[in-house]
Amino acid sequence: MMKQSNLVDGQLLTLYMNGNEEAFEELVNRHKDRVYTTAYLIVKDRYRAEDLMQETFIKAIRTIKQGKYNEEGKFLPWLLRIAHNLAIDSFRKDKRYPTIVMEDGGNIFNSLAFAEGTFEDKQIKEDTHDLLKRLIKELPDSQREVLIMRHYMDMSFQEIADATDVSINTALGRMRYALINLRKKMHRHGRVFQDTPRGD
Amino acid sequence: MIKTFTKNDLLRYLYDELPTLEREEMINAQLTDGEVEHETEELEDVKKLLDGFVMKAPQEAVDNILAYSRSFRR
């Protein structure tokens, strides 16, 4: 029998619809980090992001097990749309009832996923990702929204323009300013992009 | 005739959303225009960082999701 890790999402979904829980486990492990990162970058709080990730998958489980899933072959975009909508709702509620949210604290390095490498490589990457995470949170909402949709939800600029009700040039402009802002802020914090060599 | 690219074209190139012909013209523009090449590299650096940025979902939440799925009756 074919290993589940070799199956595409659509095949895993079919197995899951037929009661195979291991197939669902593979789907969750495959996409959990994207869903969590998307939610985190919208609500900017890791505990809320954790709740939202659970709510997203629970909604997906209910939909699939009740036979209402009809997005054949497009599981991840569907999942990310659920996460995005739940996160936006949650974010809006927060704005209506503002609460003081403590800065994450703790050792956030533990919650970031890194590639293998030397200790020093890892440290540089951890520091860079830590900084990047903070800087993304500081972007204006409109720029952060486009960045999340393009990088984590894999939406094209035209799809983003349609979803946010702006022209494609506005969506492109927001993304460009997001990148420029991030680069400026990284420089201000002394980052010189030595960990992204050319030609790879 | 040399095509003039806008800043937004450059972004569409970076995100692989330019049609093939325009993409090739953009690559040529980078070879001949230092300014275009420089701006492309600057934006590409940040894009690469973002491409590699993903947060690890907490295992406890994953366990909860899987337990919920196993207990859910159709």
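Residues numbered from 1 in each chain as written. Chains lettered and ligands numbered in written order. Predicted model: local features only at pLDDT ≥ 70, side-chain atom pairs only at ≥ 80, totals over all residues. Heavy atoms only, no water.

**Regarding the packing of helix α8 (residues 168-188) of chain A against helix α3 (residues 34-51) of chain B**
For the pair α8 of chain A and α3 of chain B, interaxial distance at closest approach is 9 Å and the crossing angle is 85°. Comparing the axis directions of α8 of chain A and α3 of chain B gives the class roughly perpendicular. Contact residues: α8 of chain A offers Arg 176, Leu 179, Ile 180, Leu 182, Arg 183 and Met 186 of chain A, while α3 of chain B offers Glu 39, Glu 42, Leu 43, Asp 45, Val 46, Lys 47, Leu 49 and Leu 50 of chain B. Here the residues of the contact of α8 of chain A with α3 of chain B sort into 8 nonpolar, no polar and 6 charged. (Axes fitted to C-alpha atoms, helices over the stretch in contact; angles between N-to-C directions. Helix = DSSP H or I, 4+ residues; strand = E, 2+ residues; numbered from the N terminus. Parallel < 35°, antiparallel > 145°, perpendicular 65-115°, else oblique. Contact = heavy atoms within 4.5 Å. Nonpolar A, V, L, I, M, F, W, Y, C, P; charged D, E, K, R; others polar.)

**Side note on helix α4 (residues 59-71) of chain B**
Given a rise of 1.5 Å per residue, 13 residues ought to cover 18 Å, and the 18 Å separating the end C-alpha atoms of α4 of chain B matches this to within 8%. Of the residues making up α4 of chain B, those classed as buried are Ala 61, Val 62, Ile 65, Leu 66 and Ser 69 of chain B. Buried residues of α4 of chain B fall within an arc of 135° about the axis and therefore sit on the same side. Where α4 of chain B is buried, its residues touch α1 (9-17), α2 (21-43) and α3 (46-65) of chain A. (Expected span 1.5 Å × (residues − 1). Buried < 20%, exposed > 50% of the residue type's maximum accessible area, 1.4 Å probe, protein only. Arc of directions from axis to C-beta.)

**Side note on the packing of aromatic side chains**
Residue and element names in this part refer to chain A. Evaluation of the coordinates by the stated rule reveals 7 aromatic pairs over all chains. Residues Phe 75 and Trp 78 carry aromatic rings whose centres are separated by 5.9 Å and whose planes lie at 45° to one another, so their mutual orientation is tilted. Note that Phe 75 and Trp 78 are positioned in helix α4 (residues 75-96) at a spacing of 3 residues, about one turn of the helix. In terms of burial, Phe 75 and Trp 78 fall into one category: buried. Chaining the aromatic ring pairs together yields one cluster made of Tyr 16, Phe 24 and Phe 57. (Phe/Tyr/Trp six-rings, centres within 6.5 Å; stacked < 30°, edge-to-face > 60°.)

**With respect to the confidence of the model for chain B**
Residues and elements named next belong to chain B. Chain-level statistics for chain B give a pLDDT mean of 88 and a share of 95% at 70 or above. Looking over chain B, one finds the lowest element-wise mean pLDDT in helix α2 (residues 20-32), namely 86, and the highest in α4, namely 96. The ipTM, which scores confidence in the relative placement of chains, is 0.85 for this predicted complex, and the corresponding pTM is 0.79. (pLDDT = per-residue confidence, 0-100.)

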